[in-house]
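Chain residues, written in single-letter form:
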Amino acid sequence: MSSLTLHPMKEIKIIINGEHLSFVTEVLDRIKASGYTIFSSLSGKGHSGFHEGHLMFNDESSLQMVLTVVPEDKVEPILSGLKPFLERHSGSLFVSDVGVLRKGHFESAES
Amino acid sequence: MSSLTLHPMKEIKIIINGEHLSFVTEVLDRIKASGYTIFSSLSGKGHSGFHEGHLMFNDESSLQMVLTVVPEDKVEPILSGLKPFLERHSGSLFVSDVGVLRKGHFESAES
Amino acid sequence: MSSLTLHPMKEIKIIINGEHLSFVTEVLDRIKASGYTIFSSLSGKGHSGFHEGHLMFNDESSLQMVLTVVPEDKVEPILSGLKPFLERHSGSLFVSDVGVLRKGHFESAES
């Protein structure tokens, strides 16, 4: 029963042009986010007009979303690392509350 | 420090058959949602059975998800615009809380 | 007006290797989740290294995300059904709060 406890974490979703993907994942790696999932070939409309996802080619120019789930104390370092980037490029970042089963999977051994 | 404040917004996810995508985006445009992201070629199971995503062709007949983030005061107009549609067609709509860094990006100049 | 009331539900996102997709959907079917949406060809980095999404072939070996929305009383049975699996395989599960317009669509007639 208590093994089904959900532990509070923060979900961060970052939507960017594919060409900037490695910048985002490098920030997550540096702050030791335990992992992330990448959604490719998205399309959308934002401040800089409509973007078409290209399913087969040119993935770099389509929109991608990076989803990561981290303990609350990693949110501020991740935002600090990404904010200057988001001010210079189009992109969006959303933070929300989630619960996870296995708390240890989202905490890195190193601080 | 205070520049990392997260401003509360509402995330709306709308899952529909691809053929109805433009109806949804027209509602979002009319209510001046600042932007949206489209996830294509989804598959799934709902009230009307299993839908297969077709990666290469027939995108119009696969499921798609539209994700938008808006200030709370735009939620009701968007729901009002989409509810009659969702009552006639299969589709789902989920609303959740998110925080964003750049509040101004989600508010349109026009009311 | 009151017809725009949002009813609280739980959103569950499960990210797994594509080869395990049917295990997850069978648990959801057994617990009578009203539906789910599958996001394919994801890539990502987690406890077992980097996974590449393969857009055209080998979908079974890429990451997939299953998204379902259920009433709160179905969360524990779904977690119970999936937890032993998640302890043996790589995968992640996140639970969050969402609101939905049509409560009845997420409740099954059978208990």
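Here is what the cut-offs are and how they apply
Residues numbered from 1 in each chain as written. Chains lettered and ligands numbered in written order. Predicted model: local features only at pLDDT ≥ 70, side-chain atom pairs only at ≥ 80, totals over all residues. Heavy atoms only, no water. Helix = DSSP H or I, 4+ residues; strand = E, 2+ residues; numbered from the N terminus. Buried < 20%, exposed > 50% of the residue type's maximum accessible area, 1.4 Å probe, protein only. Areas by Shrake-Rupley, 256 points an atom, 1.4 Å probe, with all protein chains shown as cover. Least-squares fit on C-alpha atoms with pLDDT ≥ 70 in both. Contact = heavy atoms within 4.5 Å. Axes fitted to C-alpha atoms, helices over the stretch in contact; angles between N-to-C directions. Parallel < 35°, antiparallel > 145°, perpendicular 65-115°, else oblique. Left-handed = near helix turned anticlockwise from the far one by under 90°. Nonpolar A, V, L, I, M, F, W, Y, C, P; charged D, E, K, R; others polar. Buried area = accessible area lost by both parts, 1.4 Å probe. Salt bridge = Lys/Arg side-chain N within 4 Å of Asp/Glu carboxyl O. Polar contact = N/O pair within 3.5 Å; in protein donor to acceptor, adjacent residues only side chain to side chain. Pairing = 2+ DSSP bridges. Phe/Tyr/Trp six-rings, centres within 6.5 Å; stacked < 30°, edge-to-face > 60°.

Participant: For this particular structure, what's the right way to read the overall build of chain A?
Facilitator: A count of helical and extended segments in chain A gives 2 helices and 5 strands. Of all 111 residues assigned to chain A, the portion counted as buried reaches 53%. Of the roughly 5100 Å² that chain A leaves accessible, carbon and sulfur atoms contribute 50%.

Participant: Explain the environment of Pro77 of chain A here, please?
Facilitator: Position of Pro77 of chain A relative to the elements: it lies in helix H2 (residues 75-88). Measuring from C-alpha to C-alpha, the distance between Pro77 of chain A and Val27 of chain A comes to 9.0 Å, with 50 residues separating the pair along the chain.

Participant: Looking at this model, I keep getting lost on the relation of the copies chain A and chain B. Mind explaining?
Facilitator: One copy of the chain maps onto the other through a rotation about an axis plus a displacement along that axis. With an RMSD of 0.0 Å, the operation that places chain A on chain B is a rotation of 120° combined with a shift of 0.0 Å along the axis. A rotation of that kind, with that shift, is consistent with a three-fold axis.

Participant: Just checking my understanding: could you explain the side chain of Glu11 of chain B for this structure?
Facilitator: Relative to the assigned elements, Glu11 of chain B resides in strand S1 (residues 7-17). Those residues in contact with Glu11 of chain B that sit more than four places away from it in its chain are Lys13 and Phe94 of chain A together with Leu67, Thr68, Val69, Phe94, Val95, Ser96 and Val98 of chain B.

Participant: Is there a simple way to think about the packing of helix H1 (residues 21-30) of chain A against H2 of chain A in this case?
Facilitator: Describing two packed helices takes the angle between their axes plus the distance from one axis to the other. Residues and elements named next belong to chain A. Orientation of H1 relative to H2, taken along the N-to-C sense of each, is 160°, at an axis distance of 9 Å. Considered as vectors, H1 and H2 are oriented roughly antiparallel to each other. Pair H1 / H2 crosses with right-handed handedness. Taking contact as the criterion, the partners of Phe23, Val24, Val27, Leu28 and Arg30 in H1 are, on H2, Ile78, Gly81, Leu82 and Phe85. Residues that form the contact of H1 with H2 fall into these classes: 7 nonpolar, 1 polar and 1 charged.

Participant: I tried to follow the interface of chain A and chain C on my own but got confused; where do I start?
Facilitator: Accessible area lost when the parts come together is the quantity often used to give the size of an interface. Counting residues at the interface gives 26 residues for chain A, matched by 26 residues for chain C. Interface area lost by chain A to chain C is led by Leu4, Leu101 and Arg102 of chain A, which between them contribute 26%. One can count 2 salt bridges joining chain A with chain C. Residue Lys45 of chain C is joined to Asp29 of chain A by a salt bridge in which the shortest nitrogen-to-oxygen separation is 2.8 Å. Between chain A and chain C we count 7 residue pairs in polar contact (both at pLDDT 80 or more) in total.

Participant: Mind showing me how you'd approach the pairing of strand S2 (residues 36-46) of chain C here?
Facilitator: A regular strand places its side chains so that they alternate between the two faces of the sheet. Burial within S2 of chain C is extensive, with 8 of its 11 residues counted as buried. Pairing of strand S2 (residues 36-46) of chain A with S2 of chain C involves 3 bridges; the strand directions are antiparallel. From the neighbouring strand, Thr37 of chain A faces S2 of chain C, where its bridge partner is Gly44 of chain C. One ladder, built from 4 bridges, connects S2 of chain C with strand S4 (residues 63-70) of chain C; its direction is antiparallel.

Participant: How should I be thinking about the interface of chain A and chain B in this particular structure?
Facilitator: Taken together, the contact pairs 26 residues of chain A with 26 residues of chain B. Summing both partners gives a buried area of about 2100 Å² for chain A against chain B, and 63% of it is carried by carbon and sulfur. Summed over the shared surface of chain A and chain B, the number is 2 salt bridges. Elements that contribute at least two residues to the side of chain A that touches chain B include exactly strand S1 (7-17), S2, H2 and strand S5 (91-100) of chain A. Of the residues assigned to the side of chain A that touches chain B, the class counts are 12 nonpolar, 9 polar and 5 charged. In terms of strand pairing, S5 of chain A meets strand S5 (residues 91-100) of chain B through 2 bridges, oriented antiparallel.

Participant: Just to check I follow, could you spell out the relation of the copies chain A and chain C for this structure?
Facilitator: Overlaying chain A on chain C yields an RMSD of 0.0 Å, the required transformation being a rotation through 120° with an accompanying axial translation of 0.0 Å. In this assembly, only 12% of the residues forming the interface of chain A have copies in chain C that are likewise at the interface, indicating a heterologous arrangement.

Participant: It is not clear to me how the packing of aromatic side chains should be interpreted in this structure. Could you clarify?
Facilitator: The description of an aromatic ring pair rests on the distance of the ring centres and on the angle between the ring planes. Applying the stated rule across the entire model yields 9 aromatic pairs over all chains. Plain terms: the ring middles of Phe23 of chain A and Phe85 of chain A are 4.7 Å apart, the flat faces sit at 20° to each other, and that makes the pair stacked. Here Phe23 of chain A, found in helix H1, pairs with Phe85 of chain A, found in helix H2; they are 62 residues apart in sequence, far enough to count as distant. Here Phe23 of chain A falls in the partly exposed class, since its relative accessible area comes to 29%. Since its relative accessible area comes to 3%, Phe85 of chain A is described here as buried. Taken together, a centroid distance of 6.0 Å and an interplanar angle of 85° make the contact between Phe39 of chain A and Phe39 of chain B edge-to-face. Note that Phe39 of chain A is positioned in strand S2 and Phe39 of chain B in strand S2 (residues 36-46), a pairing that runs across two chains. Each member of the pair, Phe39 of chain A as well as Phe39 of chain B, carries the same accessibility label: buried. Cluster of aromatic residues (ring-pair linked, three or more members): Phe39 of chain A, Phe39 of chain B together with Phe39 of chain C.

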